[in-house]
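# Observations on chain architecture
The lines below spell out each chain.
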Amino acid sequence: MKRRIKYNLRLFLVAAACIWTVLLGFAYLVVREEHKFRRENIVERIDLAASCIADAQTSDNDLRETIAFVKKYLDETYLSEIVIQVYDLRSRKLISTVGDGRYAVPHTAFEHSRVSQSDGTRLLRLMEDDLGSEKKKLYYYSSRITADGALDIRVAVPRSTKITRAASVDPIIWIFILGVGAFGTFLVYVATSHQARNVTLLHDFAQRAAADKDFIPMGDFPSDEIGEISRQIVAIYNSRMQANVRREREHVIALKATQEKNNMKKMLTDNISHELKTPIGIIKAYIEMLINQPDMPEKDRCHFLEKAQMNVERLVSMLNDLSTMTRLDESGNNIPIKEIDFHSTIFTLSDEVVKSGIIHGMDFRFNIPMDCTILGNEGLLNSVLQNLIKNSAAYSQGTEMGIELLGRNDRYMTFSFYDNGTGVAEEHLSHLFDRFYRVDSGRSRKAGGTGLGLPIVKSSIISMGGSITVRNRKGGGLEFIFTLPCPRVKKPSNDQQG
């Protein structure tokens, strides 16, 4: 109980302090502006009196009658004690005075502060803050010199009860402010009491929810915002329990995925070990035969050495391919990319493969436009094309291979590399890019393949920002469909358009 009252009191004091801070700040601004307005009103009345007298001088009206009229008019207001003095600036004499002359203020020290008016007169205003030692006597002082420079009309208002009351703020404003503050404090007390009571209910519910793992009944919560919050807490609690179940299930799945990944690594390691053991075993056997049979005929010796050298070269190729795969896996998207003239690359490659004889008598054809430019890495691109050509020459059993442009859009160009060979069975197509996967293991090893050519092709294409798929052609053979990024078309600037 004490804890609830303490919280209620703390909440009430904070809210009440906020209310009164805002209210008093607003009251300060209102009172300041009201006081300023009232003082300006006094200023305007006194300036008007001096201006009327100055106008009478300019219009050749009787000066004494004008002063008497102004004094009579002001006697009916809070300016009844006003002092008006008129000095002749030529003779330096006082020619007219109304009111108590004791309140006239010498103004020679303030001549530099005069401001020229639109009617030609010059005006000096001094509030009580500017009057120095005279502020105990005067509240406001004005001095106006006529346009012809003949007269100095001095108007002063002594501090009096009427002037003080006229410049002060109406007490009704303070009554209104205090009334608003009291009413606001009462509303704050009612609201904070209600909220504190609801928070106590929520606190009790939270304790029950923490101690009970089962579902909490919803009947005790009020039909307001706090009740809605309480229902949401129950929903969050249930969601958390469900999330724990999902987390445990995801943990099991993650463990399974990790185990599968480890199994894949083990299988890859086993494949690498197996692939390396084959050429190493052959080389070892040939060398042992040469050592154990020193009298071997020269023809057989040369044959064994050639076989050993062939397997050494196969081993070197496999190690180079493994090194390439490792670099591609580690480099990710950090491959340097530049614009490449694809037509020029294919044209040069066509001449090289024909002269080198790596296509084993097959025809190599290409249909690439002259203006075909792609984004890629020149070394990786050449590696991709050579691996596709070697793969087709070694395994397609066809008479023709080629590459052509299928189409393009704003981001990619699509190419087809094909042959007219026998193709592969459908169950093998999805595994052609797997490492060390062989459609025909015996024939592949006789052809000298490492089982990494097509995986290197896929990794290289992906590293350059493209994609690749494979399918059997309708007319026979395999077809590799791959995409490569094309340079973005630069929009002409406004200067170039002009």
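As a reminder, the structure under discussion sits directly above these lines.
One structure accompanies this document, and this report is about it. (Residues numbered from 1 in each chain as written. Predicted model: local features only at pLDDT ≥ 70, side-chain atom pairs only at ≥ 80, totals over all residues. Heavy atoms only, no water.)

What follows covers the packing of aromatic side chains. Counting across every chain of the model gives 5 aromatic pairs. The interplanar angle of 85° and the centroid separation of 6.5 Å between the aromatic rings of phenylalanine 347 and phenylalanine 366 together place this pair among those described as edge-to-face. With phenylalanine 347 in helix α7 (residues 342–356) and phenylalanine 366 in strand β8 (residues 363–367), this pair connects stretches of sequence that are 19 residues apart. Each residue in the set Phe342, Phe415 and Phe482 is aromatic and connected to the rest through ring pairs, giving one cluster. In this structure, arginine 154 is placed above the aromatic ring of tyrosine 87, and the distance from its NZ or CZ to the ring centre is 4.0 Å. (Phe/Tyr/Trp six-rings, centres within 6.5 Å; stacked < 30°, edge-to-face > 60°. Helix = DSSP H or I, 4+ residues; strand = E, 2+ residues; numbered from the N terminus. Lys NZ or Arg CZ within 6 Å of the ring centre and 35° of its normal.)

This paragraph deals with the environment of alanine 15. Along the chain, alanine 15 falls in helix α1 (residues 2–58). Judged by its relative accessible area of 23%, alanine 15 is partly exposed. With residues up to four places along the chain from it excluded, the contact list for alanine 15 reads Val188 and Thr192. (Buried < 20%, exposed > 50% of the residue type's maximum accessible area, 1.4 Å probe, protein only. Contact = heavy atoms within 4.5 Å.)

Let us look at the pattern of salt bridges. The final tally for this structure, using the stated rule, is 8 salt bridges. With its nearest N and O atoms 3.9 Å apart, the salt bridge here joins arginine 32 to glutamate 33. Taking relative accessible area as the criterion, arginine 32 reaches 44% and is therefore assigned partly exposed. For glutamate 34, the salt bridge is made with arginine 38, and the minimal N-O distance between the two is 2.9 Å. Of the two residues, glutamate 34 and arginine 38 both sit in helix α1, 4 residues apart, roughly one turn of that helix. (Salt bridge = Lys/Arg side-chain N within 4 Å of Asp/Glu carboxyl O.)

What follows deals with the nonpolar core. Counting residues in hydrophobic clusters, the biggest one holds 39 residues, and the most contacted among them are Phe342, Phe364, Phe415, Phe417, Phe480, Phe482 and Leu484. Setting aside residues up to four positions removed in sequence, phenylalanine 417 forms contacts with Phe364, Leu388, Ile389, Ser392, Met401, Gly402, Ile403, Leu478, Glu479, Phe480 and Phe482. Counting residues in each nonpolar core, the second largest holds 25 residues, with Ile42, Leu74, Ala150 and Leu151 among its members. (Core = buried A, V, L, I, M, F, W, Y, C linked by side-chain atoms within 4.5 Å.)

Okay, unusual backbone geometry next. Residue histidine 360 is not a glycine yet carries a positive backbone phi of 55°. Take histidine 360: it is sitting in the loop between α7 and β8. Judged by its relative accessible area of 59%, histidine 360 is exposed. Backbone geometry at glutamine 397 places phi at a positive 60°, although glycine is not the residue there. Relative to the helices and strands, glutamine 397 is located in the loop between α8 (378–395) and β10 (400–408).

Close contact between α8 and helix α11 (residues 453–463) brings their axes to 9 Å; oriented N to C, the two are set at 150°. Comparing their axes, α11 and α8 come out roughly antiparallel. Of the two elements, α8 crosses α11, and the hand of that crossing is left-handed. Residues Leu380, Ser383, Val384, Asn387, Leu388 and Asn391 of α8 lie in contact with α11, whose contacting residues are Gly453, Leu454, Ile456, Val457, Ser460, Ile461 and Ser463. When its residues are assigned to classes, the contact of α8 with α11 shows 7 nonpolar, 6 polar and no charged. (Axes fitted to C-alpha atoms, helices over the stretch in contact; angles between N-to-C directions. Parallel < 35°, antiparallel > 145°, perpendicular 65-115°, else oblique. Left-handed = near helix turned anticlockwise from the far one by under 90°. Nonpolar A, V, L, I, M, F, W, Y, C, P; charged D, E, K, R; others polar.)

The values are spatial; any link to function lies outside them.
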